[in-house]
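# Topology and contacts: notes
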Amino acid sequence: MSSSDDLLKWDGFDDAILGVGSRCGMDDILVYSKKKMAYILRDRDNMDIEEAIEYLDFNVLGAYIGKRTPIIVEDFI
């Protein structure tokens, strides 16, 4: 398992981290809750939930930053 210093993070979303994902033969990555990320945007940036989800879909999910890009769990179920 990687140390937390080796993992790529999205700034401002530490409270949305669910844990570390491990993949065979690949680097560990952080796993985030999309719901918690949306609530952070709602509270911090005064977005409504629809705006926050749209922001995340375009600016976060659409941003590939290499093989260590964190995963977002779709937990709006």
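Everything here concerns the structure above.
Sequence positions are assigned chain by chain, starting from 1 and proceeding in written order. A pLDDT threshold of at least 70 governs which residues receive local features in this predicted model, and a stricter bar of 80 or more applies before side-chain atom pairs are shown or counted, although totals over entire chains, interfaces and linings include all residues. Hydrogens are left out, water is left out, and the side-chain values use all remaining heavy atoms of the structure.

### Remarks on helix α1 (residues 34–45)
- Here a helix means four or more residues in a row that DSSP labels H or I, a strand means two or more in a row labelled E, and each is numbered from the N terminus. One fewer than the residue count of a helix, multiplied by 1.5 Å, yields its expected span. Compared with the 16 Å implied by 1.5 Å per residue over 12 residues, the 16 Å span of α1 between its first and last C-alpha is a close match.
- It only takes one pair of heavy atoms within 4.5 Å for two residues to be counted as in contact. Considering only its buried residues, α1 is in contact with β2 (29–33), α2 (49–60) and β3 (71–73).
- Its side-chain oxygen 3.4 Å from the backbone nitrogen of K35, S33 forms the N-cap of α1.
- Trailing α1 by a residue or two, N46 shows a phi angle of about 55°, which is positive. Side-chain atoms alone can form a polar contact between residues adjacent in sequence; in general such a contact is a pair of N or O atoms within 3.5 Å, and within protein one must be able to donate a hydrogen while the other accepts it.

### A few points about the nonpolar core
- By convention a nonpolar core is built from buried Ala, Val, Leu, Ile, Met, Phe, Trp, Tyr and Cys residues, the set being connected through side-chain atoms within 4.5 Å. Working definition: with a 1.4 Å probe on protein chains only, accessible area under 20% of the residue-type maximum means buried, over 50% means exposed, and in between means partly exposed. In terms of nonpolar packing, the biggest core is built from 15 residues, with W10, F13, Y32, M37 and L56 touching the most fellow members.
- For this core, the element with the highest residue contribution is α1, accounting for four residues.
- Filtering out sequence-adjacent residues up to four positions away, M37 remains in contact with W10, F13, A16, Y32, L56, V60 and I72.

### Quick look at the packing of α1 against α2
- Fitted lines through C-alpha atoms serve as axes, helices being fitted only where they are in contact, and the angles separating the N-to-C directions of these axes extend from 0 to 180 degrees. The contact between α1 and α2 brings their axes to 9 Å, and the two run at 115°. Of the two elements, α1 crosses α2, and the hand of that crossing is right-handed. Mapping the contact onto sequence places K34, M37, A38, Y39, L41 and R42 in α1 and I49, A52, I53, Y55, L56, D57 and V60 in α2.
- By residue class, the composition of the contact of α1 with α2 is 10 nonpolar, no polar and three charged. Crossings are sorted by hand: turned counterclockwise from the far helix by less than a right angle, the near helix makes the crossing left-handed, and turned clockwise it makes it right-handed. Each residue receives one of three labels: charged for Asp, Glu, Lys and Arg, nonpolar for Ala, Val, Leu, Ile, Met, Phe, Trp, Tyr, Cys and Pro, and polar for the others, Gly being one of them.

### What to know about the sheet that holds strand β1 (residues 17–21)
- The three strands lie next to each other as β1-β2-β3, forming an open sheet whose pairing is mixed. Looking at strand neighbours, the two that pair on one side only are β1 and β3, the edges of this open sheet. Taking the axes of each pair of neighbouring strands and ignoring which way they run, one obtains an average angle of 30° across the sheet.
- Only when DSSP finds a minimum of two bridges between them are two strands counted as paired. Relative to β2, β1 is paired through four bridges, and the arrangement is antiparallel. Within the sheet, the bridge partner assigned to V20 lies in β2 and is L30.
- Against the sheet, α1 engages β1, β2 and β3, with an angle of about 65° to β2.

Any functional reading would require information beyond the geometric quantities listed.
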